Amino acid sequence: MYLPGHFQMNGLKAQHALMQRYPFATLVTVANGTIDANPLPMLLDPHRGDHGVLEGHIARANGLWKTPSVTAMALFHGPQAYITPSWYPAKREHGRVVPTWHYLSVQAHGTLRFIEDRDWLRSHVAALTDRFEREQTTPWSISDAPADYIDGMCRAIVGIEFHIERLTGKHKAAQHKDDATQRAVHEGLLTAGWDEVRAGWLSGQTSP
């Protein structure tokens with residue numbers, strides 16, 4: 001990934017925060033000369049290893065889990081927004097401005113381990129469900145479904161443990177621009193309804 005110094009997001013805390021807030025990733029693998037990309041939610045355990053461990057699952061019908069010695073990259077994308085040059089003070093001053101895009105992204109590099117253990121799969125599915133159901137008005141739990149049905153569904157999937165060996169983060173948000181431009185972009189995003197800017201996700205005014 002092209003990564004100028006002013007856009008680097010090197011802090012492990014910030015990288016983990018993005019991965020946890022935006023857990024739907026693209027899992028990219030290369031095996032036998034073939035590139036595969038599988039979109040899936042991945043839960044981060046930040047306390048395992050130096051960089052954390054990701055957990056997810058794929059359909060048993062997906063042949064990825066039969067591939068030995070898989071090296072992988074998981075792509076996490078945070079909020080992103082088009083930046084109009086109409087927000088820039090320089091447009092009114094000299095007009096030498098162009099549009100751009102603000103975004104955040106984290107790339108996790110590591111190796112995969114595939115898991116068929118029934119207890120692991122059931123625990124993983126329960127944790128995954130709880131993560132996304134907790135914001136629902138009436139949260140659903142796997143205990144709401146018949147146990148034999150859940151067991152059958154678990155037999156149809158294979159678990160993934162992604163042991164992270166390296167993380168690369170990018171936070172492109174006008175950090176290389178002057179303060180007046182950063183403030184203008186910040187206000188423009190707020191006016192456009194981007195609530196993420198209040199937490200610094202899209203603005204160079206603060207850091208996530």
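Residues numbered from 1 in each chain as written. Predicted model: local features only at pLDDT ≥ 70, side-chain atom pairs only at ≥ 80, totals over all residues. Heavy atoms only, no water.

### Quick word on helix α3 (residues 118-133)
Note the following rule: Under the DSSP-based scheme used, a helix requires at least four consecutive residues in state H or I and a strand at least two consecutive residues in state E, with every element numbered from the N terminus. One less than the residue count of a helix, multiplied by 1.5 Å, gives the span that helix is expected to have. Each residue is assigned to one of three classes by its accessible area relative to the maximum for its type, calculated with a 1.4 Å probe on protein chains only: buried under 20%, partly exposed between the two thresholds, exposed over 50%. What the arc describes is the spread of directions from the helix axis to the C-beta atoms.
In a regular helix each residue adds 1.5 Å, so 16 residues correspond to 22 Å; α3 covers 22 Å between its end C-alpha atoms and thus fits that length. Looking at α3, one finds that the buried residues are Trp120, Leu121, His124, Val125, Leu128, Thr129 and Arg131. Projected down its long axis, α3 carries its buried residues within an arc of 160°, all on one side. Relative to its buried face, α3 has exposed residues pointing more than 90 degrees away, namely Arg118 and Asp119.

### What about the layout of surface pockets?
For clarity, the cut-off: Put plainly, a pocket is an open set of points on a 1 Å grid over the protein atoms alone with protein on both sides within 12 Å along at least five of seven lines, a cavity is a set where a 1.4 Å probe fits but cannot get out, and a lining residue has an atom within 4 Å of a point. Grid points are joined across faces, edges and corners, and a volume is the space filled by probe spheres set on the points. Three classes are used: nonpolar for Ala, Val, Leu, Ile, Met, Phe, Trp, Tyr, Cys and Pro, charged for Asp, Glu, Lys and Arg, and polar for all others, with Gly counted as polar.
Approximately 170 Å³ is the volume attributed to the largest pocket. For the lining of the largest pocket, the per-class residue count stands at six nonpolar, four polar and four charged.

### What about the sheet that holds strand β1 (residues 24-31)?
In plain terms, the rule: At least two DSSP bridges between two strands are required for those strands to pair. The angle between two axes is taken between their N-to-C directions and runs from 0 to 180 degrees, where each axis is a line fitted to C-alpha atoms and a helix contributes only its stretch in contact. Only heavy atoms matter for contacts: two residues are in contact if any of them lie within 4.5 Å across the pair.
One open sheet accounts for seven strands, arranged β2-β1-β5-β6-β7-β4-β3; its pairing is antiparallel. Two strands in the sheet have a free side with no partner beyond their single neighbour: β2 (34-41) and β3 (43-45). In this sheet, neighbouring strand axes are inclined to one another by 35° on average, regardless of whether the strands run parallel or antiparallel. Judged from the 13 bridges that link them, strand β6 (residues 100-115) and strand β7 (residues 157-172) form a sheet pairing that is antiparallel. Note on β7: the bridge partner recorded for Ser105 is Lys170. Lying over the sheet, α3 contacts β2, β3, β4 (53-59), β6 and β7, oriented at roughly 45° with respect to β7.

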